[in-house]
Structure formats: C-alpha cells, structure tokens
Amino acid sequence: MDTMRISAGAEKIPVKCNSLSSLVTRRWRTKKFPARIRNWRLLSVKSISSNTKTLVTDSEQVASSIKHHSEFRPLFSPEKFELPKAFFATAQSVRDALIVNWNSTYECYNRVNPKQAYYLSMEFLQGRALLNAVGNLGLTGAYGDALKSLGFELESVAGQEPDPALGNGGLGRLASCFLDSMATLNYPAWGYGLRYKYGLFKQIITKDGQEEAAEDWLELSNPWEIVRNDVSYPVKFYGKVVFGSDGRKRWIGGEDVVAVAYDVPIPGYKTKTTINLRLWSTKAPSGDFDLSLYNSGKHTEAAEALFNAEKICYVLYPGDESDEGKALRLKQQYTLCSASLQDIVARFETRSGGSVNWEEFPEKVAVQMNDTHPTLCIPELMRILMDLKGLSWEDAWKITQRTVAYTNHTVLPEALEKWSLELMEKLLPRHVEIIEKIDEELVSTIVSEYGTADPDLLKEKLKAMRILENVELPPAFADVIVKPKEKPVIAEKTVDLSEDSKEDAQTEVKKEQEEEETAGVKTEVIPEPPKMVRMANLAVVGGHAVNGVAEIHSEIVKTDVFNDFVKLWPDKFQNKTNGVTPRRWIRFCNPYLSDIITSWIGTEDWVLNTEKLAELRKFADDEDLQSEWRAAKKKNKLKVVSLIKERTGYTVSPDAMFDIQIKRIHEYKRQLLNILGIVYRYKKMKEMSASEREKAFVPRVCIFGGKAFATYVQAKRIVKFITDVGSTINHDPEIGDLLKVIFVPDYNVSVAELLIPASELSQHISTAGMEASGTSNMKFSMNGCILIGTLDGANVEIREEVGEENFFLFGAKADEIADLRKERAEGKFVPDPMFEEVKQFVRSGVFGSNKYDELIGSLEGNEGFGRADYFLVGKDFPSYVECQEKVDKAYRDQKRWTRMSILNTAGSSKFSSDRTIHEYAKDIWNIKQVELP
C-alpha cells in the first residue's frame, strides 16, 4: 500500500506537522495560562502521540480537566454536578485532546496538498461519540478512573449523550463507518452532510402503533461540533438565467440562503489523524428580516425569509406527498451539493496558491456520491466551472467526469430518484439547462452507438437511457426516429361549420354528447406522462465510476438496473462490498467478547487487521473458549433484559434465545414474514399441552426494532401488528417465558450497540435480489450471532465466509423472483396450507378487534396495487417455518451452537470497512495514505 509519510525535517516536503503542539506547549510552560489549565494542556499535548504505548494516562489530571470544564464552560447551574453536567464536561475535555490532532491534520493536508476524497451523503448515522473517541485515543482507562474519582461511572456518563439525529438506516451508518476507517487508515478525506435540527423523528409506540415526534438531540447543544463562522456560502433557488457582459451565463434573482459550516472531529484508532465531518446549516441574512412588517404587526410575514431558509435543515427526508414537500427535499439535496462543492473548490484554489490549473482538479479532488441524493453535484460543478471560473463546456465536462463517482444502494425503482422537470426548472433553472445539454450529448452517443436502421431498437434504448424522461428529443435529433404516418380520420358525419350554421353544429355536437353519456359511453382522456429528471441515469453518465455494494447487488446493477449503460461503458462498473468498523461494532460495544478474542489470539491487532479473527477457527471446539464465549453472551443478554424492562415494561428471561430483527421497517425487508412466523409458532403452542410445548419449542425472545417512514402506511401497519401480537403473547400465562415478542421503540445506533452483542439469532430475510447489501448482517456475524436469511445482499458473501453449515438458509433465489411473480399474476400460485392457516388465525380476532384486512389483503389476489404478495411472503413462508425448526434443533445443542457462533466471528474478517475503504482509495479515488508523525 502506497503511503505518504510526512516528516518535520523532510527535504522535499518541509512540513512541520507538530508545530501547533510545540507552540501550545511553549505557551503553557511560560505560564501564560492558569496552572490548572496548564497542567491539563501539557497532558493533552504529550498524550497525543503516534506511539500509543507512550500515552500519558494520568487520571488525576483528566479529573482536573473535567472539573475545569464543568466550572468554566458551564451549560448548567453551578450548585449541582450531576450526570448531564458530567457528560458535557467530559465531552469538552475529550474534545480538547481531539482538537490538537484535528488542527495538526488540517495543517498537514494544507501544506502537503495530497489528493483528497470527499464523501457526500444525506445521512451520517454516527451514534454516540464519547466512548468511541476515548477508545480511539487510548484513554478509556484514564477517563474511567477519573470519572470514578468524581463519583460517576464512564458508562453512565456516556449514556447521557443523545444519538445525533443525522440518519435513518444503513445508508447513514455505512457513511459513518467509512469515516472511521478513513481516519484510522490515514486517508486524506472528509465527509459532507446536513445538520438536521429535528432529525428524522423520534418514534413513540402507543396502542395505535407508531407515532412521530421531533428529535431533541440539539436541545442542550452538541459538545462535539464547532461552528465555523468564517466558512459560509450562498445557495440560490428560483430566479432566472441571463447572459453577462462577458458572454457567460449568470443565474440571478430568486431566493438566497446562507449555508454555514459546523465541523465534527472524526478520530482514527491509534493514529493522530483526525478528519472532518462538515455539516451545513442554513439561515437567511439578518437583512432579510423585515423590521417594518414586524412592527406593523405582521410578525409571521416579517420572518418568512428566515423560516424558509432555516427549514431546509429541520428534518431529514421531509414528507414529499405535497408539492411543497418535494420542493423542500430538492432544496436539501442542492444545498448539500452547492455548499460542499463551493467549499471544495475554494480549498483547491487556496492550496494551489497563485497558479490555479483547473486540469489538475481531478488529480487533487475525488467526490463520492453516496446514492443518488447528491447527484446535483454534477450540474453544480459544471455551473461553477463554467459560469464562475470561465471554463468551456468541453473542459468542464472532462473535469467533472474525472472527479465524480457514484455508489448505487438500491434496485428498488422508487428509490432510483426522479424529479419533476417542471419543479426543477422553477427551483434550479441554470441546472436544468446544463442537464438538458448533458442529455443531448447522451442522445448523440446513443444514436451513434445504435444507428437509425432499427428505429424500434433506437427508441427502446433512448427511452431506457435518457436522463430526461417523457421529454421530446432535442431539436438536432428530432427526425432520427421516423414517426408512423397518421391515418386520415374519416368523420362519420360532416358538420357544416360555416358562420351561418355554427349554432346548429354546436347544438348537434351537444346532443350527440348527451346521447353518449346516456348510453354510458365516456371519452377517455389519457393524461400526458409527467416529464421527469432521472437522477440515477445522470449519476451514471456524469461520473467515472459506478459501484454496487455487494457481489450479488453489483451483478443485478450490471445485468438489470443499468444494463444498457454497461454495454456502453463496461469499465465504469465495479463492486465494493460494504463493511463495518470493528472498533465501534465489536471492540467498544462488546468489551467482554473483545477481551476473549484478544486473549485467545494473543494480540489486539485484530482491531486493525480483522484477518486475524480467522485464527479463532482453530479454537472453535475448545471447551474453555466455548465456556468463556457463552459467559460473555450471557452478560450482554442481561444488559438487554434491563433495556427491555426500561423501554417497554416487559420482563424477559436471559436464558431464552434472543432472536433479533432490527432495521428500517419496509415490506421488502419482510418483518411481516417474521411476525407471521411467530404467530404460527404461537398457534401451534396453544394447540399443545404444557409438557408438549416445552419439548417442541426452544424458549425465545423475539425482538424487533426500526422506524417506519411517517407516510409509509403499510410499514406502519406492520409496526402496529407486531405490537398487537406482542401484547397478546406477552400476557398469555400459558406461554410464559416460552415466547416473548418485543418491539424496542426509537431504534438507533446506541440501541443496536446493546442488542447486537446480545443476539444469538438474527433475521436478514428480505426478498432475494431486493437488498443491496445490508450492514447489520455483518455486525451480527462479527459478534458471533448466527444468521437466518435468504441469498440476498451481503448474506451471500457472509455465508461463503462463515461456512454454509453456520448459516440458516431458506427462500427463493434472486433469479427465480421474476418467474414467481409472473406465476402469481397468471393465477397459478397455490399457497401452502400453513400460510392459509396463519392468515385465518390472524383474522380470527385473537390479537384484538382489528382484522388487519389491508395488511393480510396485501398477501392475497393476483394483481393490483398493494395486492398479489409482491414480496413473496406466502411463497417463502413454508421454507421459513421449516428453517426455524432447524434453528430450534441446533440451539438445543449448545456446544454445536457455540461452535457456530465462534465460526461466525472468525469468518467476519472480510467485512471490515477498512478493507472497503482501501478498495475505494485504490480503484475509484486514487488517493494515498498520509501518515502524521
């Protein structure tokens, strides 16, 4: 691996990367600051070292620093020192240490000017930062002891931190894992996102199901972020495009907002490198507040501009059922792209000094678009280069294509974003001009590739590949497809429309219309299909690389989703299987298991080199290891028992199997299949005597977690159904601890950090071919959890790595799905009697007065929206039930089960995000590691 090692005394690159630390040290030693601060600052500077063995871990000085922050950076009243205050003081103390490294990293990158990667994502699902930060700095022990001396436990203090509400699911968590790996591996990289004030929503579970409330994560401020008041950029909406006196296009007028930078440090593990997550918040200039309107009593109107600007960053994924909601989402995406690219361009110009060579831009900048949300980067970079920097179209296009790359995360048609052309023309008129030009060049390429000899083929390719959907061909290509001649329409009656007979003609036409209406004949008016901008197509055309996120997903991308583009540009497409950071997802969240792994492998190097986990295979049958392994699992389960009691009021047994499905609620993820399997299990239990039940079934605690999008009605019905089933089963005295159903409300990273280490079986049961990758499956496997799932997403690769015998497989395969849906549409599908039995049981009223007609109805019929079991729950149900019986049998043999668990951890070495980032750096970004001294 190429590494750029930076030294203070290097001849060719004279970078004094430790100059800031030296300056701070000199100032404290010369007593320019109070003694109590001086002592801690000396500790901070000394403790930041590339050699973690020399870290100073003086808990007394750490405690002094915490007390200092509680007194001199107070957010609470001085007379109390309770947990919330202790958290903020501790976080500010840790941030001091981070800032030293952070500034050194900034300084080093600015001096060396390496090629830098910029990861743009609408989501960053970070999780709590405190334990991760002290762990990466190697100061967990020092902070634990310091807080203990102050009367607190580190874990309790860390529990006061709210989860940053910056993401929803796997997309955002992947982005955060990537940042951790970038920093740990010393890659020059930044993340860019939006600072959502109210997040997605806080999930509340009531008797009516899921309800939503605003997140309050910023209510008491965020101790990790630093607002950069000197870093802000204008972002424009609406307006019009004109030519300037210099002949360049100018976008003028409209609505202007200001994007302000909030920076969050991302520390690497056992390295000084601390990279940046820059989040944008939006506001309007103070001058936009209309004081005269306000004083005249029109208070709302006076502040309208301020509200319109600020609301852009209020909520992640605002509802888009209304036109206003759609416009707000598009504003969010453009704000992310525009502010980030202006910042990137400004940094490039600064680092270039007095001689800016725009051809070098792709040699210094790599922009990665995490899904289609940041696709407006393409026309925005073109706009900046042409309209503001004076480049020609040809030069700007070459630079843009060499700079930008696109990660696809879905094969679901609704997730391949399309925007109304009419809306975009109003909101971003200059960008539509640029997109139209890109589309015209694409049309030219398609026509050149396929010719005009076969007009039907050409029409098919243009329809599939164009960026603009349902839009007339550009004038230059208007005649490439010969339209069939229209047959003359011969009227059955000739109506004289001369001036003298107009009145008679109108009367006759009206009479005929009335006769047709009386006869029940209606003239069907077929509306024109809406004109749309296909963002995924734009991302493919405008970037130099397109990657899927698992082997099976990347194949589907190439053979189905973008097959026509693959034929045109086969070298653009590649696979980058997702990964998760082993620091957060095993080392810090599962210390019991981590200590066991380190003890048996004989080194802690596996935290950075997960390939070493494979060494556990040779101990898989060792009784001592198995005993320790089970004990660690039991400790983690006891934590979850407490969590469940606290969050739901239910009491569960730690001796039962913990069977967990935690992910975004969606029909394709098939939480419905899981709960119907539980209902079937419950029904069979009720048909047996107590002794028969105990022989037939292993005790289980079935745990669900995840949010249904606020306007996704069917997903919310699934949540309601799960909670209703749980309410019935959990209060059934005949069943007792043999079966419990728990829905943990407001699932987030911190909840996952408790549930995953305690899990024994995890369900990854999406309809084959519909899950791009999944990353929770990797986290579960890494923590010794056995998976039950379909051959979908990363399940395929996990099963290969851990061994087929250590994975419970069921269900139809991806290449069978289309034929199975066709079979259903033709009325040939015959549901299994077990499936009919469980549906009838649900409708019997056993779970309350609700018959769940809409939910169960979606699994019935052969066609129609919301019908016909599109996600094949009924087809896979018997296979799923049979597989669950195998799970019970395996769990009864605890020696076998523990061996399977150990082999899952041993086989998870491939799924570190470190491996994924190395591949991105080499194959897509072409960046090198920069290691600070």
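Predicted model, so just to flag it, every value in this text is computed and none were measured.

1. Some remarks on the pairing of strand E18 (residues 657-662)
The buried fraction of E18 amounts to six of the six residues, a majority that puts the element mostly inside the structure. Burial along E18 is two-sided: Met657, Asp659 and Gln661 and Phe658, Ile660 and Ile662, pointing in opposite directions, are all buried. In the sheet, E18 pairs with strand E19 (residues 700-705) via six bridges, with the strands oriented parallel. Bridge pairing links Met657 to Arg700 in E19.

2. Brief notes about the sheet that holds strand E14 (residues 468-469)
Two pairing modes exist for strands in a sheet, parallel and antiparallel, and in both the strands are linked by backbone hydrogen bonds. Pairing is antiparallel in the open sheet, where three strands are placed in the order E13-E15-E14. Bordering the open sheet on either side are strand E13 (418-420) and E14, each of which pairs with just one other strand. The pairing of E14 with strand E15 (residues 532-534) spans two bridges and is classified as antiparallel. Bridge pairing links Leu468 to Val533 in E15. Lying over the sheet, helix H20 (residues 535-542) contacts E13 and E15, oriented at roughly 45 degrees with respect to E15.

3. Structural notes on the sheet that holds strand E21 (residues 761-764)
In space, the six strands of this open sheet follow the order E20-E19-E18-E21-E22-E23, with parallel pairing throughout. With partners counted over all chains shown, the strands left at the sheet margins are strand E20 (739-744) and strand E23 (808-809), one partner each. Inspection of the sheet shows E21 paired to strand E22 (residues 786-789) by four bridges, in the parallel sense. Residue pairing for E22: Ser762 is matched across the bridge by Leu787.

4. With respect to the packing of helix H35 (residues 873-892) against helix H36 (residues 894-906)
Close contact between H35 and H36 brings their axes to 5 Å; oriented N to C, the two are set at 105 degrees. The angle between H35 and H36 places the two elements in the roughly perpendicular class. Between H35, through Val887, Ala890, Tyr891 and Arg892, and H36, the contact on the second element is made entirely by Gln894, Arg896 and Trp897.

5. With respect to the pattern of salt bridges
One pass over the full model with this rule turns up 62 salt bridges. Here Arg347 ties to Asp343 by a salt bridge, and the two come within 2.8 Å at their closest N and O atoms. Within this pair, Arg347 and its partner Asp343 are both found in helix H12 (residues 323-352), separated by four residues, close to a single helical turn. One exposure class covers both Arg347 and Asp343, and it is buried. The shortest N-O distance in the salt bridge between Arg430 and Asp387 comes to 2.7 Å. With Arg430 in helix H17 (residues 429-450) and Asp387 in helix H14 (residues 377-388), this pair connects stretches of sequence that are 43 residues apart. Classification of Arg430 by relative accessible area gives buried; the value is 7%. When salt bridges with common partners are traced through the structure, they connect Arg228, Asp263, Arg278, Asp343 and Arg347 into a single cluster.

6. Quick notes on the confidence of the model for the protein
It should be kept in mind that the predicted coordinates are not to be read in detail where pLDDT is low. Of all residues in the protein, 89% attain a pLDDT of 70 or more, and the chain-wide mean is 90. With pLDDT under 50 throughout, residues 491-499 is counted as low confidence; its partners more than four residues away or in other chains account for seven contacts.

7. Remarks on helix H32 (residues 817-825)
Of the residues making up H32, those classed as buried are Ile817, Leu820 and Arg824. Buried residues along H32 cover an arc of 65 degrees about the axis, so they all sit on one side. Turned more than 90 degrees off the buried face of H32, the exposed positions are Ala818, Asp819 and Lys822. On the buried face of H32, the contacting elements are H35.

8. Some details on the nonpolar core
By size, the foremost hydrophobic cluster in this structure holds 154 residues, and its most contacted members are Trp280, Met424 and Trp925. Those residues in contact with Met424 that lie beyond four places of it in its chain are Leu330, Leu376, Trp419, Pro429, Val432, Ile435, Val533 and Met535.

9. Examining the packing of aromatic side chains
Counted under the stated rule, the structure contains 38 aromatic pairs. Pairing Tyr119 with Phe178 gives two aromatic rings, centres 5.7 Å apart and planes at 75 degrees, and the pair type is edge-to-face. Of the two residues, Tyr119 sits in strand E2 (residues 116-120) while Phe178 sits in helix H8 (residues 170-184), which places them 59 residues apart along the sequence. The two residues Tyr119 and Phe178 agree in class, both being buried. Between Phe562 and Phe573 the ring centres are 6.4 Å apart and the planes differ by 40 degrees, which places this aromatic pair in the tilted class. Taken together, the positions of Phe562 in the loop between helix H21 (551-561) and helix H22 (563-568) and Phe573 in strand E17 (residues 573-575) put the pair 11 residues apart, joining distant regions of the chain. The burial state of Phe562 is the same as that of Phe573; both residues are buried. Note that Lys572 overlies the ring of Trp569, its terminal NZ or CZ placed 4.3 Å from the centroid.

10. Considering the pairing of strand E10 (residues 274-283)
A large share of E10 lies buried, amounting to nine of its 10 residues. Judged from the five bridges that link them, strand E3 (residues 189-194) and E10 form a sheet pairing that is parallel. Residue pairing for E10: Leu194 is matched across the bridge by Trp280. The pairing of strand E9 (residues 255-267) with E10 spans 10 bridges and is antiparallel. The partner of Tyr262 across the bridge, within E10, is Leu279. Between E9 and the antiparallel strand that follows it, E10, lie six residues; Lys270 among them carries a positive phi value of about 55 degrees.

11. Examining the UniProt feature "modified residue: N6-(pyridoxal phosphate)lysine" (unreviewed entry) in the protein
Sites flagged by UniProt as "modified residue: N6-(pyridoxal phosphate)lysine" (unreviewed entry) map to Lys779. Among the secondary structure elements, Lys779 is positioned in helix H30 (residues 776-782). Under the relative-accessibility criterion, Lys779 is labelled buried at 5%. Dropping the residues within four chain positions of it, Lys779 is found in contact with Arg173, Val580, Trp585 and Ile756.

12. Some points on the side chain of Arg681
Tracing the backbone through its elements, the reader meets Arg681 in helix H26 (residues 671-686). In contact with Arg681, not counting residues within four places along its chain, are Phe697, Val698, Arg700, Leu739 and Asp888.

13. Re helix H24 (residues 591-601)
Among the residues of H24, Leu593, Ser594, Ile596, Ile597, Trp600 and Ile601 are the ones counted as buried. Projected down its long axis, H24 shows its buried positions confined to an angular sector of 160 degrees, all on one face. Tucked into the core, H24 has its buried residues touching helix H23 (582-588), helix H25 (623-648), H30 and H36.

14. Quick look at the environment of Lys240
Relative to the helices and strands, Lys240 resides in strand E7 (residues 240-243). A C-alpha to C-alpha distance of 8.2 Å links Lys240 and Arg250, two positions 10 residues apart in sequence.

15. Observations regarding unusual backbone geometry
The backbone of Asn186 shows a phi angle near 65 degrees, a positive value even though the residue is not glycine. Secondary-structure assignment places Asn186 in the loop between H8 and E3. The phi torsion at Tyr238 lies on the positive side, around 65 degrees, for a residue other than glycine. By the element assignment, Tyr238 lies in the loop between strand E6 (226-237) and E7.

The rules we used
Residues numbered from 1 in each chain as written. Predicted model: local features only at pLDDT ≥ 70, side-chain atom pairs only at ≥ 80, totals over all residues. Heavy atoms only, no water. Buried < 20%, exposed > 50% of the residue type's maximum accessible area, 1.4 Å probe, protein only. Helix = DSSP H or I, 4+ residues; strand = E, 2+ residues; numbered from the N terminus. Pairing = 2+ DSSP bridges. Contact = heavy atoms within 4.5 Å. Axes fitted to C-alpha atoms, helices over the stretch in contact; angles between N-to-C directions. Parallel < 35°, antiparallel > 145°, perpendicular 65-115°, else oblique. Salt bridge = Lys/Arg side-chain N within 4 Å of Asp/Glu carboxyl O. pLDDT = per-residue confidence, 0-100. Arc of directions from axis to C-beta. Core = buried A, V, L, I, M, F, W, Y, C linked by side-chain atoms within 4.5 Å. Phe/Tyr/Trp six-rings, centres within 6.5 Å; stacked < 30°, edge-to-face > 60°. Lys NZ or Arg CZ within 6 Å of the ring centre and 35° of its normal. UniProt positions renumbered as here; feature names shortened; annotations may be inferred.

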